[in-house]
Amino acid sequence: ISPLPSNAPIGRIDDDSFSSYCGSTKFDQLPLSNKTKEGLNDSKYITMTEVQRASLPHALCGRDLLGAAKTGSGKTLAFIIPVLEKLYRARWGPEDGVGSIIISPTRELACQLFEVLRSVGKHHGFSAGLLIGGRKDVDTEKKRVNDLNILVCTPGRLLQHMDETPSFDCSQLQVLVLDEADRILDVGFKKAVNAIISQLPKQRQTLLFSATQTKSVQDLARLSLKDPEYLSVHEES
Ligand code: ADP
Ligand code: MG
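On a predicted model such as this, the values are computed, not experimentally measured, just so you know.

With that settled, the discussion passes to the sheet that holds strand β1 (residues 65–69). Taken in spatial order, the seven strands of this open sheet run β3-β4-β2-β5-β6-β1-β7, and their pairing is parallel. This sheet does not close on itself; its edge strands, each paired only once, are β3 (128–131) and β7 (229–233). Strand-to-strand twist of the sheet, defined as the mean angle between neighbouring strand axes without regard to direction, takes the value 15°. Looking at chain direction, β1 and β7 are connected through five bridges and run parallel. Bridging across to β7, Leu66 finds its partner in Tyr230. Of the strands in this sheet, β1, β6 (205–210) and β7 are in contact with helix α3 (residues 50–60), which crosses β7 at around 170°. Its contacts with the sheet place helix α7 (residues 155–164) against β2 (100–103), β3 and β4 (150–153), and it is angled at close to 140° to β2.

For the rest of this paragraph, the subject is the packing of α7 against helix α9 (residues 190–198). As a packed pair, α7 and α9 sit with axes 9 Å apart at the nearest point and diverge in direction by 40°. In terms of their interaxial angle, α7 and α9 are classed as oblique. In this structure, the crossing between α7 and α9 has a hand that is left-handed. Of the residues in α9, those touching α7 at Pro155, Leu158, Leu159 and Met162 are Ala192, Val193, Ala195 and Ile196.

Each packed pair of helices is defined by two parameters, the angle between the axes and the distance between the axes. Following both chains from N to C, one finds helix α4 (residues 75–89) and helix α5 (residues 107–120) inclined at 50°, their axes separated by 10 Å at the closest point. With respect to each other, α4 and α5 are oriented oblique. As α4 packs across α5, the resulting crossing turns out to be right-handed. Two secondary-structure elements touch here, α4 through Thr76, Leu77, Phe79, Ile80 and Leu84 and α5 through Leu113, Val116, Leu117 and Val120. Looking at the contact of α4 with α5 residue by residue, the classes come out as eight nonpolar, one polar and no charged.

This part is about the nonpolar core. Judged by nonpolar contacts, the single largest core of 40 residues is most densely connected at Phe79, Ile81, Ile150, Val152 and Leu207. Ranked by residues supplied to this core, first place goes to α4 with nine residues. With near-sequence residues (within four places) excluded, Leu207 lies in contact with Ala59, Arg63, Leu65, Phe79, Pro82, Val175, Leu176, Val177 and Leu178. Of all hydrophobic cores here, the second largest spans 30 residues; its members include Ile103, Leu159, Cys170 and Ile184.

So, about the packing of aromatic side chains. Inspection of every chain in the model, using the stated rule, returns one aromatic pair. An angle of 45° between the planes, with centres 5.8 Å apart, marks the rings of Phe79 and Phe209 as tilted. Of this pair, Phe79 sits in helix α4 while Phe209 sits in strand β6, placing them 130 residues apart in sequence. Pair check on accessibility: Phe79 and Phe209 agree, each one buried.

Our focus in this paragraph is helix α10 (residues 215–224). Along α10, the positions that sit buried rather than exposed are Val217, Leu220, Ala221 and Ser224. For α10, the angular spread of buried residues about the axis comes to 105°, placing them on one side. Seen from the open side of α10, the exposed residues pointing more than 90 degrees away from its buried face are Lys215 and Arg222. Looking at the packing, one finds that the buried side of α10 touches β1, β5 (175–178), α8 (181–186), α9 and β6.

The rules behind each value
- Residues numbered from 1 in each chain as written.
- Chains lettered and ligands numbered in written order.
- Predicted model: local features only at pLDDT ≥ 70, side-chain atom pairs only at ≥ 80, totals over all residues.
- Heavy atoms only, no water.
- Pairing = 2+ DSSP bridges.
- Helix = DSSP H or I, 4+ residues; strand = E, 2+ residues; numbered from the N terminus.
- Axes fitted to C-alpha atoms, helices over the stretch in contact; angles between N-to-C directions.
- Contact = heavy atoms within 4.5 Å.
- Parallel < 35°, antiparallel > 145°, perpendicular 65-115°, else oblique.
- Left-handed = near helix turned anticlockwise from the far one by under 90°.
- Nonpolar A, V, L, I, M, F, W, Y, C, P; charged D, E, K, R; others polar.
- Core = buried A, V, L, I, M, F, W, Y, C linked by side-chain atoms within 4.5 Å.
- Buried < 20%, exposed > 50% of the residue type's maximum accessible area, 1.4 Å probe, protein only.
- Phe/Tyr/Trp six-rings, centres within 6.5 Å; stacked < 30°, edge-to-face > 60°.
- Arc of directions from axis to C-beta.

Here it is in structure tokens:
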């Protein structure tokens, strides 16, 4: 892992240039870092899906958002790309600790999105860890958790670290992602997620994605998002 040179070009969407990216159809047209562009290319991601087109310009300029789009519409990249870009622009390094937490309802979904993060983010130097319980010894995890930049977790395991790992520090958190929020709430994690959110720094970007917009998803949005953009995408199939 090498530090970024201070003159490295950094793509940024500010509110003025935002509208010019709204009509983009290809990842290449967005002001992404070369490392992310290469990762997308390697994985053969060229053309954005509808939910990616709708959400990426907002997410990349730092806004909170609630993105609702059906299963299979490509929500994973709609948050993995902004996570990578946010940390890249902040020149996040190994010593900066936990910069992003991605919460997923089940171990299986967490593993799947971790693989996407690994492949699209492979040219970046960030460290990422899967905290999903069951599989790994929690004591080993406790020693390493602060060395990770991106945590992909199930709510139960993350809360366990918040409660039991004395050194666990997420005070510098930049981006929180709540993926498959409707399922997180369905499987009974409402209390855990509320407890997690109450322990996170308020100054952060939050991206919430869901296949459906239920009342409890709306409640979670109210609790976790600040001045959000609401996007609901119904792709023609
Ligand atoms: P969701 O979370 O909305 O259910 P996923 O993010 O899991 O959807 O994506 C569903 C499938 O679509 C995955 O196999 C993924 O690799 C593929 N996919 C996502 N975005 C693109 C894209 N821009 N181009 C091609 N395939 C994509
Ligand atoms: Mg998904």
